[in-house]
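Listed below are the residues making up each chain.
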Amino acid sequence: MAKELHTFKNLSDSLRQLDIDSPDTYQNEDFTIHNAALLPTSMPFITMNYRMEFFCLVFAKKAAGSYTTNDVKFGVEPGTVFFINPGHLSSNIWTVIDELYLITFTESYLKKNVHADIFDEFPFLLSEVVNPRNFSDDEFRCFEDIYLQINKEFNSNSVYKDKIISSLLVALLIKVKDKFWQGYNPIYEGNKDSKLVSTFKINLEKHFRELAAGKADKQLRVSDYATLQNLNESYLNSVIKSKTGKPISTWISDKMVSEAKSMLVKSKLSIKEIAFTLGFLEIAHFSTYFKKYTGNSPADYRKSAQ
């Protein structure tokens, strides 16, 4: 019998559903880093049928096993680096976990601590599937030096902790881009559904960039995204939900909340101006929408983030 499909909203949620005790420092974090070897697990460690709603970079210095993402299976051996983007259907079988660093982060973290156009600089964060790479000891050390420094800062008490980590994360993403993305041809190049997913993600990101820049003043609906690909609304929605586990409406609401959080923290616009920028006709509508998905009013969120 197939095991239940899990959707993990954050790292602590995933560990809890896998019956693994997680340190308090990982709970409810938009950014985490840890060595999976320190978690209380026995080998082989098997996780089946899950989706994550966050990004995950995996650095398998001394680890082995296999993972499957969106129906593509890869072997993992010592020196392997790979990443998983939100919405992917995945499963793992680990036979060795002696040193395996995981870095997880959300879109909100990127928008808040890096910059709003993060996906223009790092397009692989919108990709469907990217083949992992296995590196020599010297090549792997280029990643290791950065993620170990991130780990050190993550566990520090520095008042500049977030700024240091975000800068190091950018350096790490640049290294990933350099090693993975130059001249890259998607392994799902000929898969129609995967192209639809990638194009939808690009269109979604482009529209919110246009809203933020004042080049658009209306929110796109599900039907609008279907029209952009010359597709039937029901068909596109079924493909997106099947491939990512979330319907288009949820992708839109998640993106809206992420953009709102970023603007509330990083911009000097009033809440009313932010509401209008994001295509809301009434500030009350924006406030109700934001509180529905975050549990906080825009004003309370802005105050708590300062």
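Remember, it's a predicted structure, so these values are computed and weren't measured experimentally.

### Things to note about the overall build of the protein
Link 1 in the chain: Broken down by element type, the protein carries twelve helices and eight strands.
Link 2 in the chain: For the protein, whose C-alpha radius of gyration is 20 Å, the value lies close to the compact-globule estimate of 19 Å for 306 residues.
Link 3 in the chain: Overall, the protein is about 55 × 50 × 40 Å in size when its C-alpha atoms are taken along their principal axes.
Link 4 in the chain: Split into buried and exposed, the 306 residues of the protein put 49% on the buried side.

### Here's the deal with the packing of aromatic side chains
Note on aromatic pairs: each is described by the distance of the centres and the angle between the planes.
Link 1 in the chain: All chains considered together, the criterion is met by 21 aromatic pairs.
Link 2 in the chain: An angle of 35 degrees between the planes, with centres 5.0 Å apart, marks the rings of Tyr101 and Tyr147 as tilted. Taken as a pair, Tyr101 in strand S7 (residues 89–105) and Tyr147 in helix H4 (residues 137–154) lie far apart in primary sequence, 46 residues in all.
Link 3 in the chain: Sitting over the ring of Phe154, Lys161 keeps its end group 5.2 Å from the ring centre.
Link 4 in the chain: Of note, Lys246 hangs over the ring of Trp251, and the distance from its end group to the ring centre comes to 4.0 Å.

### Brief notes about the packing of helix H6 (residues 192–212) against helix H8 (residues 233–244)
Link 1 in the chain: Where H6 meets H8, the closest approach of the two axes is 10 Å, and the angle between their N-to-C directions is 95 degrees. With respect to each other, H6 and H8 are oriented roughly perpendicular. On H8, the residues touching Lys192, Asp193, Ser194, Leu196, Val197 and Phe200 of H6 are Tyr235, Leu236, Val239, Ile240, Lys243 and Thr244.
Link 2 in the chain: Among the residues forming the contact of H6 with H8, the class breakdown is seven nonpolar, two polar and three charged.

### Description of unusual backbone geometry
Link 1 in the chain: Following Met43, the chain continues to Pro44 via a peptide bond in cis, the omega torsion being -5 degrees.
Link 2 in the chain: In this fold, Pro44 is placed in the loop between strand S2 (31–35) and strand S3 (45–52).
Link 3 in the chain: Positive phi, close to 55 degrees, is recorded for Asn49, a residue that is not glycine.
Link 4 in the chain: For Asn49, the location among the structural elements is in strand S3.
Link 5 in the chain: One non-glycine residue with positive phi stands out, namely Asn230, at about 55 degrees.
Link 6 in the chain: Inspection of the secondary structure assignment puts Asn230 in the loop between helix H7 (222–228) and H8.
Link 7 in the chain: For Asn230, a relative accessible area of 72% translates into the label exposed.

### Thoughts on H4
Link 1 in the chain: With 18 residues, H4 extends 25 Å between its outermost C-alpha atoms, agreeing within 8% with the 26 Å of an ideal straight helix rising 1.5 Å per residue.
Link 2 in the chain: The principal kink in H4, of about 30 degrees, is found at Phe143.
Link 3 in the chain: Taken together, the buried positions of H4 are Phe140, Phe143, Glu144, Ile146, Tyr147, Ile150, Asn151, Glu153 and Phe154.

### As for the pairing of strand S6 (residues 80–84)
Each regular strand displays side chains that alternate between the two surfaces of the sheet.
Link 1 in the chain: Most of S6 is tucked away, with five of its five residues classed as buried.
Link 2 in the chain: Along S6, one buried face is formed by Thr80, Phe82 and Ile84 and the opposite face, lined by Val81 and Phe83, is buried too.
Link 3 in the chain: Of the strand pairs in this sheet, strand S4 (residues 55–69) and S6 are connected by five bridges, and their pairing is antiparallel. If you follow Phe59 over to S6, its bridge partner there is Val81.
Link 4 in the chain: Where S6 and strand S8 (residues 133–134) come together, two bridges link them in antiparallel fashion. Across the sheet, residue Thr80 finds its bridge partner in S8, namely Asn134.

### Focus on the pairing of S4
Link 1 in the chain: Most of S4 sits out of view: twelve of its 15 residues are buried.
Link 2 in the chain: Across 14 bridges, S4 lies against S7 in antiparallel orientation. Within S7, the position partnered with Val58 by the bridge is Leu102.
Link 3 in the chain: Pairing geometry for S4 and strand S5 (residues 72–76), over five bridges, is antiparallel. Counted as the bridge partner of Ser66 is Gly75 from S5.
Link 4 in the chain: The turn joining S4 and S5, which pair antiparallel and follow one another in sequence, is formed by two residues; a positive phi near 50 degrees is taken by Asn70.

### What to know about the nonpolar core
Link 1 in the chain: With 33 residues, the main nonpolar core has Phe31, Phe59, Ile103 and Phe105 as its most contacted residues.
Link 2 in the chain: Mapped onto this core, the elements with two or more residues apiece are S2, S4, S6, S7, helix H2 (107–113), helix H3 (118–121), H4 and helix H5 (161–181).
Link 3 in the chain: For this core, the leading source of residues is H5, giving seven residues.
Link 4 in the chain: Residues in contact with Phe31, not counting those within four places in the same chain, are Ile103, Thr104, Phe105, Tyr109, Ile150, Phe154, Ile165 and Leu169.
Link 5 in the chain: Ranked by size, the runner-up nonpolar core spans 30 residues in total, among them Leu196, Leu211, Leu236 and Leu278.

The rules behind each value
- Residues numbered from 1 in each chain as written.
- Predicted model: local features only at pLDDT ≥ 70, side-chain atom pairs only at ≥ 80, totals over all residues.
- Heavy atoms only, no water.
- Helix = DSSP H or I, 4+ residues; strand = E, 2+ residues; numbered from the N terminus.
- Rg over C-alpha atoms; globule rule 2.2 N^0.38 Å.
- Buried < 20%, exposed > 50% of the residue type's maximum accessible area, 1.4 Å probe, protein only.
- Phe/Tyr/Trp six-rings, centres within 6.5 Å; stacked < 30°, edge-to-face > 60°.
- Lys NZ or Arg CZ within 6 Å of the ring centre and 35° of its normal.
- Axes fitted to C-alpha atoms, helices over the stretch in contact; angles between N-to-C directions.
- Parallel < 35°, antiparallel > 145°, perpendicular 65-115°, else oblique.
- Contact = heavy atoms within 4.5 Å.
- Nonpolar A, V, L, I, M, F, W, Y, C, P; charged D, E, K, R; others polar.
- Expected span 1.5 Å × (residues − 1).
- Bend = angle between axes of the 7 residues up to and from the residue.
- Pairing = 2+ DSSP bridges.
- Core = buried A, V, L, I, M, F, W, Y, C linked by side-chain atoms within 4.5 Å.

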